[in-house]
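Coordinate analysis (summary)
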Amino acid sequence: MLTPEWLRHRFSLPASFDAPLEDGVPPGPLRPAAVLVPIVMREGGLTMLLTQRTDHLHHHPGQVSFPGGRVEEGDVSPMDTALRETEEEIGLARRHVELLGALPPYRTGTGFEVVPVVGLVAPPFELALDDFEVAEAFEVPLSFLLDPDNHQRHSMEVRGSLREYYAMPYGGYFIWGATAGMIVSLQRFLNR
């Protein structure tokens, strides 16, 4: 079932979706952002390319994330933002990415409305990590990430309120928060 052809077909269907997922959204306007959800077409099966942020960053240090960031003035669409940020952060050239579409925006507790842009990535490709932002890039089997049995619910107290979030531990990595939430959003979208 998890093949590039099946994914292309699912994204070609009219989208019907529940309300966007949220992660303890603060009051006030949200800043627009976009990430690339890169699905790599490996011979042994599809994988998802993720990054681990460096420990010294102000926002989300050391966390697992998708490549992406804030919308900038010259960006013409969320797709453009996601591709530009991906090139800047991990050096993945646009020519390797076949855009499939976007998931509903994910609203974060840090005040962003993030558009997850899903794309198929064709190997071979070389990555050039921005070592200020990205400590590591790694791949996880897509079948693992889309399996609801691997979706855990956790909670923590933030600024006096209890917040729940998704987590997907994999090997030595702890995929959680907005990244895990967007993976759950992808799983729901594909199984609608």
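Read on for a plain summary of the structure.

Rules and cut-offs
- Residues numbered from 1 in each chain as written.
- Predicted model: local features only at pLDDT ≥ 70, side-chain atom pairs only at ≥ 80, totals over all residues.
- Heavy atoms only, no water.
- Helix = DSSP H or I, 4+ residues; strand = E, 2+ residues; numbered from the N terminus.
- Polar contact = N/O pair within 3.5 Å; in protein donor to acceptor, adjacent residues only side chain to side chain.
- Expected span 1.5 Å × (residues − 1).
- Buried < 20%, exposed > 50% of the residue type's maximum accessible area, 1.4 Å probe, protein only.
- Contact = heavy atoms within 4.5 Å.
- Salt bridge = Lys/Arg side-chain N within 4 Å of Asp/Glu carboxyl O.

Regarding the environment of Asp-147
Relative to the helices and strands, Asp-147 is located in the loop between helix 3 (142-146) and strand 9 (152-158). Through-space distance from the C-alpha of Asp-147 to that of Val-184 is 9.2 Å; in sequence the pair is 37 residues apart. At 2.9 Å, the side chain of Asp-147 forms a polar contact with the backbone nitrogen of Asp-149.

Some details on helix 2 (residues 78-90)
Taking 1.5 Å per residue, 13 residues should reach 18 Å; helix 2 reaches 18 Å between its end C-alpha atoms and fits that length. Every buried residue of helix 2 is accounted for by Asp-80, Thr-81, Ala-82, Leu-83, Arg-84, Glu-85, Thr-86, Glu-89 and Ile-90. Among the structural elements, strand 1 (31-42), strand 2 (45-53), strand 4 (68-70), strand 5 (97-102), strand 7 (112-121) and strand 8 (134-141) are those in contact with the buried residues of helix 2. Following helix 2 by one or two positions, Gly-91 adopts a phi angle in the positive range, close to 75 degrees.

Here we look at helix 4 (residues 177-190)
Taking 1.5 Å of rise per residue, 14 residues should cover 20 Å, and helix 4 covers 20 Å from first to last C-alpha, within 8% of that figure. Burial analysis of helix 4 places twelve of its 14 residues in the buried class, which makes it a mostly covered element. Listed as buried for helix 4 are Gly-177, Thr-179, Ala-180, Gly-181, Met-182, Ile-183, Val-184, Ser-185, Leu-186, Gln-187, Phe-189 and Leu-190.

Comments concerning the pattern of salt bridges
The full count for this structure, using the stated rule, is ten salt bridges. One salt bridge connects Arg-42 with Glu-139, and the closest N-O pair in it is separated by 2.6 Å. Of this pair, Arg-42 sits in strand 1 while Glu-139 is found in strand 8, placing the two residues 97 residues apart along the sequence. Taking relative accessible area as the criterion, Arg-42 reaches 34% and is therefore assigned partly exposed. According to the relative accessible area criterion, Glu-139 is partly exposed, its value standing at 26%.

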